[in-house]
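Single-letter residue listing:
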Amino acid sequence: MELNDSIKTIKGIGDKTASAFARLGIETVNDLLLNYPRTYVTYEDPVDISDLQAGSRQSVRAVVNSRAEIRKVHGLTIVILYAKDFSGTIKLTWFNCPFLRNFFHIGQEFVFVGNVAYKGGMMTMTQPEYYTDDKYGELTHVWQPVYTVTPGITSKTIQKAVRGAEEVIDRLEDYLHDNVLDEYHIMGIQKAIHSIHFPQDEQKLKGAVKRMAFDEFYSFISNLHRIKDDNVYAENTCIINCDEEVRTFIENLRFKLTGAQMNAVRDMLDDMRSEHVMNRLVQGDVGSGKTIVAAAGLYAVAASGYQGVIMAPTEVLAVQHYKELSSLFEPYGISVGLLTGSMTAKEKREMYSRIKNMDVQVVVGTHALIQDKVEYGRLALVVTDEQHRFGVKQRERLASKGEAPHTLVMSATPIPRTLAIIMYGDLDISVIDELPAGRIPIKNCVVDESYRKTALGFIMKEVSQGHQIYIVCPMVEASEVLDDVANVTEYTEELKKSIRDGYGADTSVVCLHGKMKAEEKNRILQDFADGKISILVSTTVIEVGINNPNATVMMVENAERFGLAQLHQLRGRVGRGNLQSYCIFMSGKKDKDTMERLNVLEKSNDGFYIAGEDLKMRGPGDFFGIRQSGELMFKVGDIYNHADMLRAAQDVYDRYGQEIDAKLINKGDDRLYTMPVL
Ligand code: ADP
Ligand code: MG
């Protein structure tokens, strides 16, 4: 068996299983080994129902004491069951598992494991796992990997397949020499791959994760240098020289740019007129007004007879930029086009030809912008918004569409300067460190469940004043992808009910999640922007970039499950206009550490400070659990958590890069140790 062989060479995997694996993007043994667990769980000894803590993942040993009841809500089938032990009763619910109805019988004992919540006056678990006592005994106290799954494939299937491929792991060659491994305290590749799938203990798992992070960083840095060599010193073939026009454009805006925005615009104009092509990063906290800086650049390019594009990480954001730029540029006769994945083939074809004919001067879009079919007329500037969602590769591809277009990258991720130099080795940096005048600081509070009633009262008061509300629910940590959807759907239903019962009000509450079709998401966000929706309940899909100045409250459920920097991004969705805004962090846990961590947000509105504090406070067990930011493009690597590996990767690249490249290129095949390409 070799890395590039089909997974069907693994014993026990036939055509049917293989096609289910293909849905997860796993076709070769290599794919299988690089498919890391999403997270890990341990199974602890069951506790008494009366000792359950809302907000944690726990297990209980309980006896079924009701018949399973079935309910249908919005096309979801919900199974509800009650079970008890000597200390109390617990309510258990499952979504879309109708077969469970006849599975449970009154009087049977099971161990139920799941995330505990306090709802409707009792402890509940949603989508709990269930085991017989014997089965449960086998699981306890061992780290269990949890993979992303699909119908026909469970975490167990994947675990078994990896076991079947162990002989390949044992033959892997490491691209790092033993002495490098020793010097930088990096785990060898065989041990790392093994431990990431079968961690024996926390220590080994951490070592393995660090190794994977190293590989990602190393691959990133080496790619970055390759691009830099081709790109940074490229001659400027699109000289843009129209300061006068840009000045007029800026003077006619409905607001005055901040000093920091002006500086960024000036840097950009200087670059685009210089002898080399521009490669610039504009870094600024959420709400600092990066879009208008990009708009000034696009305007300059269009006014000089060239074309500019701006690429957003999500369709929703692309549509938002499209609208904003269209209205900004219309008075100047500059035509703006939109290109996204969900457009029909015909619409796309039309847009391709308009782009090619220079019928549109500014193009806004998503990944669709870098498809091979797109040919540009006279492309001079490529802007990528919230760049971390894009890998180096994609950036390179877009850049290769013009002769050597200028590039501007915008990011809100606060990165300490030392790391920024490594991460953005190929870019000059402009920092927007000033918020627009007249912004009223957001009022924050960190609260627990006991505040829920008050919070709802507060929200309803804001709604009655015509303001709008965001509520964000976290990802559910369970093995079914469906859970996130079910979770927000159910939450929305309950919220509607509470509002009906408590306020008799006819409030528009709508739910939004990542599994919806792009069109539906766009429609909902448009309705929200138009003020037709008062309360928007969502998963973290709204995290990046959405702008609705009329939204005044952001409530985050289970705030303890988010990284502080991510919470800060979420908070950035409010306080974007001249209305007093509020952020409510609802914590499911109230222990001292959690509260202390969340209180950092109450103390500060400064993204840099927050990221730094989060780093200091993170416990040793948080490797996969809390992601610092949903924006970062690495699968495993976290630039804060693994800052040491980022530095090591840079160092190893500087010292041994040539030798390693030569070795990898010599091998010439797509082996595991050539690392996932970003
Ligand atoms: P971000 O940096 O998070 O991308 P945006 O560019 O979306 O921020 O800007 C946030 C909001 O602030 C927008 O509504 C924008 O129109 C507004 N804005 C930007 N610059 C200024 C300014 N100088 N004065 C007042 N409002 C501004
Ligand atoms: Mg933005």
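What counts and what doesn't
Residues numbered from 1 in each chain as written. Chains lettered and ligands numbered in written order. Predicted model: local features only at pLDDT ≥ 70, side-chain atom pairs only at ≥ 80, totals over all residues. Heavy atoms only, no water. Phe/Tyr/Trp six-rings, centres within 6.5 Å; stacked < 30°, edge-to-face > 60°. Helix = DSSP H or I, 4+ residues; strand = E, 2+ residues; numbered from the N terminus. Buried < 20%, exposed > 50% of the residue type's maximum accessible area, 1.4 Å probe, protein only. Pairing = 2+ DSSP bridges. Axes fitted to C-alpha atoms, helices over the stretch in contact; angles between N-to-C directions. Parallel < 35°, antiparallel > 145°, perpendicular 65-115°, else oblique. Left-handed = near helix turned anticlockwise from the far one by under 90°. Contact = heavy atoms within 4.5 Å. Polar contact = N/O pair within 3.5 Å; in protein donor to acceptor, adjacent residues only side chain to side chain. Nonpolar A, V, L, I, M, F, W, Y, C, P; charged D, E, K, R; others polar. Near = heavy atom within 4 Å. Areas by Shrake-Rupley, 256 points an atom, 1.4 Å probe, with all protein chains shown as cover. Arc of directions from axis to C-beta. Core = buried A, V, L, I, M, F, W, Y, C linked by side-chain atoms within 4.5 Å. Domains from an automatic or database assignment.

- Per an unreviewed UniProt entry, the protein chain goes by the name ATP-dependent DNA helicase RecG and belongs to Coprococcus eutactus.

1. Describing the packing of aromatic side chains
Ring pairs (aromatic) are described by centroid distance and by the angle formed between their planes.
Reasoning step 1: Tallied over the full model, the rule gives 24 aromatic pairs.
Reasoning step 2: A centroid spacing of 6.4 Å and a plane angle of 55° characterise the contact between W94 and F112, whose relative ring orientation is tilted. Remark: F112 occurs in strand 6 (residues 109-119) and W94 occurs in strand 5 (residues 88-95); sequence separation between them is 18 residues. Note on accessibility: W94 and F112 belong to one class, buried.
Reasoning step 3: Through a chain of ring-to-ring contacts, three or more aromatic side chains come together here, namely W94, F103, F104, F110, F112 and Y130.

2. Some thoughts on the pairing of strand 2 (residues 57-64)
Reasoning step 1: Relative to strand 6, strand 2 is paired through 7 bridges, and the arrangement is antiparallel. Its bridge partner being in strand 6, S59 is matched across the sheet by V113.
Reasoning step 2: Alignment of strand 2 against strand 4 (residues 76-85), held across 2 bridges, turns out to be antiparallel. Opposite V63, over in strand 4, you have K84 as the bridge partner.

3. A short note on the packing of helix 12 (residues 315-329) against helix 18 (residues 518-529)
Reasoning step 1: In the contact formed by helix 12 and helix 18, the axes pass within 9 Å of each other and the chain directions differ by 50°. On the basis of the axis angle, helix 12 is oblique to helix 18. With respect to the hand of their crossing, helix 12 and helix 18 are arranged in right-handed fashion. Taken together, the residues of helix 18 that come into contact with helix 12 (itself represented by E315, V316, V319 and K323) are A518, K521, N522, L525 and Q526.

4. Quick notes on the side chain of N279
Reasoning step 1: Mapped onto the elements of the fold, N279 is located in strand 10 (residues 279-284).
Reasoning step 2: In terms of polar contacts, N279 uses its side chain to reach the side chain of T407, at 2.9 Å.

5. Observations regarding the packing of helix 19 (residues 564-571) against helix 20 (residues 592-603)
Reasoning step 1: Orientation of helix 19 relative to helix 20, taken along the N-to-C sense of each, is 40°, at an axis distance of 10 Å. By crossing handedness, the relation of helix 19 to helix 20 is classed as right-handed. Here L564, L567, H568 and R571 of helix 19 come into contact with helix 20, specifically with R597, L598, V600 and L601.
Reasoning step 2: The class makeup of the residues in the contact of helix 19 with helix 20 is 5 nonpolar, 1 polar and 2 charged.

6. Concerning the sheet that holds strand 10
Reasoning step 1: Here we have 7 strands laid out as an open sheet, ordered 12-13-11-14-15-10-16, and parallel in their pairing. Two strands close off the open sheet at either side, each with one partner strand: strand 12 (336-339) and strand 16 (428-432). In this sheet, neighbouring strand axes are inclined to one another by 20° on average, regardless of whether the strands run parallel or antiparallel.
Reasoning step 2: In the sheet, strand 10 pairs with strand 16 via 5 bridges, with the strands oriented parallel. Following the sheet pairing, G284 is matched in strand 16 by I432.
Reasoning step 3: Here helix 12 sits on the sheet and contacts strand 11 (307-311), strand 12, strand 13 (362-365) and strand 14 (379-385); the angle it forms with strand 12, its principal contact strand, is near 170°.

7. So, the site of ligand 1
Reasoning step 1: Looking at ligand 1, there are 17 residues lining it, with G287, K290, T291, R439 and R576 nearest.
Reasoning step 2: At 2.9 Å, a backbone N or O of K256 approaches a nitrogen atom of ligand 1.
Reasoning step 3: Between N547 and ligand 1, the recorded distance is 2.9 Å, taken from a side-chain N or O atom to an oxygen atom.
Reasoning step 4: Look at ligand 1: alone it shows 570 Å² of surface, and the protein chains cover 90% of it.

8. Observations concerning the environment of E109
Reasoning step 1: By the secondary structure assignment, E109 is in strand 6.
Reasoning step 2: What makes E109 partly exposed here is its relative accessible area of 43%.
Reasoning step 3: Remark: the alpha-carbon pair of E109 and T132, spanning 23 residues in sequence, is separated by 7.2 Å.
Reasoning step 4: Excluding anything up to four places from it in sequence, E109 contacts R61, A62 and V63.

9. Topic: helix 9 (residues 243-251)
Reasoning step 1: Along helix 9, the residues that are buried comprise V246, F249 and I250. The arc that holds the buried residues of helix 9, viewed along the axis, is 95°, so those residues lie on one side.
Reasoning step 2: Close packing links the buried residues of helix 9 with helix 10 (259-273), helix 11 (290-303) and helix 12.

10. Observations regarding the nonpolar core
Reasoning step 1: One finds V246, F249, V265, M272, L325, F329 and L567 to be the most contacted residues of the largest nonpolar core, which totals 75 residues.
Reasoning step 2: Looking at which element gives the most residues to this core, the answer is helix 11, with 10 residues.
Reasoning step 3: Inspection of this core shows a minimum of three residues originating in each of domain 2 (230-432) and domain 3 (443-604).
Reasoning step 4: Not counting the four nearest positions on each side in its chain, V265 is found in contact with V246, I250, L257, V293 and A296.
Reasoning step 5: In this structure, L3, I13, I158 and A161 belong to the second largest nonpolar core, which totals 35 residues.

11. Quick look at helix 19
Reasoning step 1: Along helix 19, 8 of the 8 residues are buried, which leaves the element largely enclosed by surrounding structure.
Reasoning step 2: Every buried residue of helix 19 is accounted for by L564, A565, Q566, L567, H568, Q569, L570 and R571.

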